[in-house]
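What follows is the residue order along each chain.
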Amino acid sequence: MRLLFATIRKEFFQLVRNKILMFLLLVCPLIVLGIIPLSFDGGYRIRAGICDASSDLESVDIAKRLSESAMFEEIFYYENLTSAERAMERGEIDMILLLSNNGHSIILDGTFPRRAMSSVYATSLEAFDNNDTQIVFQILFNAGRSHKHFYLVSLIILVITILGTALITLNIVNERESGVEEQFKATSMNRSIYLFGKFIFYTLLCLFLFFISYLFCYFVYNLQIEGSLFALFIVSLFFTFLLLGLGFLIALLSNTQLRAVYILTINLVLMIMLSTMFTHLSSMPYWAAVTRFANPVWYGVESARLVVLMGATLEEIAKNLLLLQQI
Amino acid sequence: MIRRVLYIARKELISIYRDKMSMTILVVLPLVIVGILGNVLRFELIDVKFALLDKSGSNLFLPLVSELDASNEFSFGGNLNSEREILPAFINDDIEFVVSIPSNFNRGDKLTVFVDGSLLLMSEAITQRLSLLNSEDYPFEISYRYNEELKSEMEPLPGLIMIALVIVASIMLSLSINRERERGTARMLILTPARMSEIIAGKSLPYLAVSLIHGLSVYLLSLFMFGIEINQGIANFFLLTLLFSVASMMTGLFIASIVKNELELLIGCWLFIFIPNVFFSGFIFPLQSMESLIIPYASLIPGSLFIEAYKGIVFRISSLEINLKYFVLLVLQSLLFYLVALYLFKRNFFRK
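Residues numbered from 1 in each chain as written. Chains lettered and ligands numbered in written order. Predicted model: local features only at pLDDT ≥ 70, side-chain atom pairs only at ≥ 80, totals over all residues. Heavy atoms only, no water.

Q: Would you take a moment to explain the overall build of chain A for this structure?
A: Helices and strands together make up the secondary structure of chain A, namely 14 helices and 5 strands. At 26 Å, chain A has a C-alpha radius of gyration far larger than the 20 Å of a compact globule built from 327 residues. Taken along its principal axes, the extent of the C-alpha atoms in chain A is 90 × 40 × 40 Å. In chain A, buried positions account for 57% of the 327 residues. Pairs at least 24 residues apart make up 74% of the contacts formed inside chain A by residues separated by at least 6 positions. Summed over all atoms, the accessible surface of chain A reaches about 13700 Å², with 62% contributed by carbon and sulfur. Taken together, the 23 basic and 26 acidic charged side chains of chain A have centroids lying 18 Å from each other. (Helix = DSSP H or I, 4+ residues; strand = E, 2+ residues; numbered from the N terminus. Rg over C-alpha atoms; globule rule 2.2 N^0.38 Å. Buried < 20%, exposed > 50% of the residue type's maximum accessible area, 1.4 Å probe, protein only. Contact = heavy atoms within 4.5 Å. Areas by Shrake-Rupley, 256 points an atom, 1.4 Å probe, with all protein chains shown as cover. Lys, Arg positive; Asp, Glu negative; His and termini not counted. Charge placed at Lys NZ, Arg CZ, Asp CG, Glu CD.)

Q: What is the right way to look at the environment of A:Phe40 in this model?
A: Residues and elements named next belong to chain A. Summarising the element assignment, Phe 40 is placed in the loop between helix 3 (28-35) and strand 1 (46-52). Using a relative accessible area of 1% as the deciding quantity, one classes Phe 40 as buried. Measuring from C-alpha to C-alpha, the distance between Phe 40 and Tyr 151 comes to 7.2 Å, with 111 residues separating the pair along the chain.

Q: Whenever I open this one, helix 2 (residues 20-40) of chain B confuses me. Can you help?
A: Residues that lie three or four places apart on an α-helix share one face, since the helix turns once every 3.6 residues. Taking 1.5 Å per residue as the helical rise, helix 2 of chain B with its 21 residues ought to reach 30 Å, and the 30 Å between its terminal C-alpha atoms agrees with that figure. Its maximal kink placed at B:Val28, helix 2 of chain B deviates by approximately 45°, while the proline B:Pro30 follows within four residues. Buried positions along helix 2 of chain B lie against helix 11 (257-274) and helix 12 (286-290) of chain A together with helix 6 (157-183) and helix 8 (196-224) of chain B. (Expected span 1.5 Å × (residues − 1). Bend = angle between axes of the 7 residues up to and from the residue.)

Q: Before we go on, may I ask you to explain unusual backbone geometry in this structure?
A: Residues other than glycine predominantly adopt negative phi, and peptide bonds predominantly adopt the trans conformation. Positive phi values are uncommon outside glycine, yet A:Asn222 reaches one of about 60°. Inspection of the secondary structure puts A:Asn222 in the loop between helix 9 (191-221) and helix 10 (229-253).

Q: What's the story with the packing of helix 6 of chain B against helix 10 (residues 262-279) of chain B in this structure? I'm lost.
A: Two measures define how a pair of helices packs: the angle their axes make with one another and the distance between the axes. Residues and elements named next belong to chain B. Here helix 6 crosses helix 10 at 160°, and the two axes come no closer than 10 Å. Classified by the angle their axes make, helix 6 and helix 10 are roughly antiparallel. The handedness of the crossing between helix 6 and helix 10 comes out as right-handed. On the side of helix 6, the interface is formed by Met 162, Ile 163, Val 166, Ile 167, Ser 170, Ile 171, Ser 174, Leu 175, Asn 178, Arg 179 and Glu 182, while helix 10 contributes Glu 262, Leu 265, Leu 266, Cys 269, Trp 270, Ile 273, Phe 274, Asn 277 and Val 278. In the contact of helix 6 with helix 10, the residues fall into 13 nonpolar, 4 polar and 3 charged. (Axes fitted to C-alpha atoms, helices over the stretch in contact; angles between N-to-C directions. Parallel < 35°, antiparallel > 145°, perpendicular 65-115°, else oblique. Left-handed = near helix turned anticlockwise from the far one by under 90°. Nonpolar A, V, L, I, M, F, W, Y, C, P; charged D, E, K, R; others polar.)

In structure tokens:
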């Protein structure tokens, strides 16, 4: 027991006395959480070019409605189609609205299909008042449909994934490479106690990082946690175990830090992109959707969303994530 | 001077080459990332499950349900019996939206659709798709330029290539320089006549070759896997890959000149190169839909310059003059970061 505390104390001092690392661990996540959410605004802000070849008043009316709409940011007017096309080639406008006496047409920039679909939707809604559908949409969970809250949860998980795996992996491999691990063999220190001490220390560190991140988001972005705090704690603890386990695995496989960094990089990119952080499961092919059961980041993102945004209880989370209901 | 640069380049090349496993990972990394993720990251709806809560008991909506079920986007996931089952259906089952019909439904009444706001991208896509359901006939014709069939695999490709290149390029050069310092071999370099700028230049040369290999492999992959041909712009494409890799390397070098060991370098590269390039480059979120405060800065980071230039060169096949500004901005940024890193390295490289 004394040995275990000694290991934890060693890790603690090693961390606290390294000023740059302390800065990277405690301040940089907050900088990231402070700046990156500026990209989550989520407005449409379509830049449209209007090419008016008709003579009646209806086209003037449509152009006026577009320029008043909140979904359109800038409206440019062009004399003829070629000049509008040239502007699109330069990437200055997303769509061209061609108004003429015998039918209107829109030409879209297809290099960003998601945005092209939004442009069609916005044009039919705003310019042509085509909103006679019989559907009322009611949004459950995350009711304001705030982009910020949705991606903040992902961003917290992303930052902790990076910090947690990088810390544990490179700490172990660094000590192996510089020979410190060899020296421990000459002491009364047991190898399993040594690794267990590291494990406990980094678990506490990750939980502390979770704590300051959620606290920061609560005060700055007013991120309310729908579920219970206990559920959030358990979910974060579980996620931290998965991360540190992955870090141990990579550390076992690599002899030098160089190799550890490369293996870690390829793993992190794949895991982050294959989790549902940026996309949803339904649009993945089957083989990719199945990999989520071996993906710690997926568990982290999904469970955090379930607790923070949907207010699920632990039982529901366990059913959702562990019983493999979604195959 | 050139001789000294070449000597250092040769030393670096040998040390890369002799660590066979690291070299293999280094070379195939972008290939694996783009190859796997290019098939996965699609931002479209495929077989989204929905449930029906029909309290009217009429069969008015069977045609609608079967029509939705038959489409590629949606599939029918079952009936619900009461409103109490809606919330559990979202949490426990795989249901993404619920169509609810009130008990005394008349023609002309409004339907209610419950969507899940915590799956934001999906709920937005569902809203757009369903609102347009009844009004299939737009009052206008639609045509698409540069991607006539609106192939969805073209959407993530520029961003994925950017991510693969930026993370590998920024880590590899700065790691090799920082490693000398951490392991103490920088003290041996102090005995050589080489100056700091020559050390950096010599170390960059092998990694420039590696990034050209990356450009070639990514080009071949996108040609054979996704069928994207680059006919006229092939020289521009390689120039872009090269300049972008250099810009990423110099950003990585700048981070390396501030931090001390490999752990800090790794964290710095991920937090300050990977994360901003994913979020601010227009890869996940379109540039125009960010807060207007950040748009001018976001459009200047290397990632968004690469994505814009890639779209221009590969998809729109536009001429060099249109894309020249992206190239110039990339070169200017590389130069800026190089000078700052050089200044900092001169002060702290040989100190342990």
